[in-house]
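# Architecture at a glance
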Amino acid sequence: MSIISFQEIIDSVETLSLEDQDYLFDLIKKRRIEKRRLEIAANAKASLDSLKQGTAKKGSVADLMADLWDDKDDEDSLG
């Protein structure tokens, strides 16, 4: 399988009719949306699984911020 450069892809797309370019852009946009939906669904499932297993952290936004700052402090102490 040969690898096509990004510029070659652009050049190929530019040879398409405007109607075909519009169709291609619409198709790519729809596929990206669907891919993102699948990622969100997988993340939601993982979160629900963690919640059911009791491994999910719970708390307020302030708790989350404190955790994030603690993690940053831990990283700073490593360097």
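For the structure itself, consult the block above.
Rules of the game
Residues numbered from 1 in each chain as written. Predicted model: local features only at pLDDT ≥ 70, side-chain atom pairs only at ≥ 80, totals over all residues. Heavy atoms only, no water. Helix = DSSP H or I, 4+ residues; strand = E, 2+ residues; numbered from the N terminus. Buried < 20%, exposed > 50% of the residue type's maximum accessible area, 1.4 Å probe, protein only. Areas by Shrake-Rupley, 256 points an atom, 1.4 Å probe, with all protein chains shown as cover. Expected span 1.5 Å × (residues − 1). Salt bridge = Lys/Arg side-chain N within 4 Å of Asp/Glu carboxyl O. Polar contact = N/O pair within 3.5 Å; in protein donor to acceptor, adjacent residues only side chain to side chain. Contact = heavy atoms within 4.5 Å. Patch = residues over 30% accessible without salt bridge, like charges linked within 9 Å, V, L, I, M, F, W, Y side chains within 5 Å.

Within the protein chain, the secondary structure is distributed over 3 helices and 0 strands. Order of helices (α) and strands (β) in the protein chain, N terminus to C terminus: α-α-α. Out of the 79 residues in the protein chain, the part that is buried amounts to 3%. Here the protein chain has roughly 7,600 Å² of accessible surface; of this, 59% comes from carbon and sulfur atoms.

On to helix α2 (residues 18-53), then. End to end, α2 covers 52 Å across 36 residues, agreeing with the expected 52 Å (1.5 Å per residue, within 8%). The positive-phi residue at the C-terminal boundary of α2 is G54, with phi of around 80°.

Time to look at the pattern of salt bridges. Across all of its chains, the model carries 5 salt bridges by this definition. The residue K45 makes a salt bridge to D49 at a minimum N-O spacing of 2.9 Å. With a gap of 4 residues between them, K45 and D49 both fall in helix α2, about one helical turn apart. The class for D49 is partly exposed, based on a relative accessible area of 28%.

With respect to the helices, strands and loops of the structure, Q21 is situated in helix α2. One polar contact links the side chain of Q21 to the main-chain carbonyl oxygen of V13, over a distance of 3.1 Å. Excluding its chain neighbours within four sequence positions, the residues that come into contact with Q21 are V13, E14 and L16.

With that out of the way, let us pick up a nonpolar patch on the surface. A cluster of nonpolar side chains, contributed by V61, L64, M65, L68 and W69, occupies part of the molecular surface with about 530 Å² of accessible area. Checked against the element boundaries, L68 lands in helix α3 (residues 61-78).

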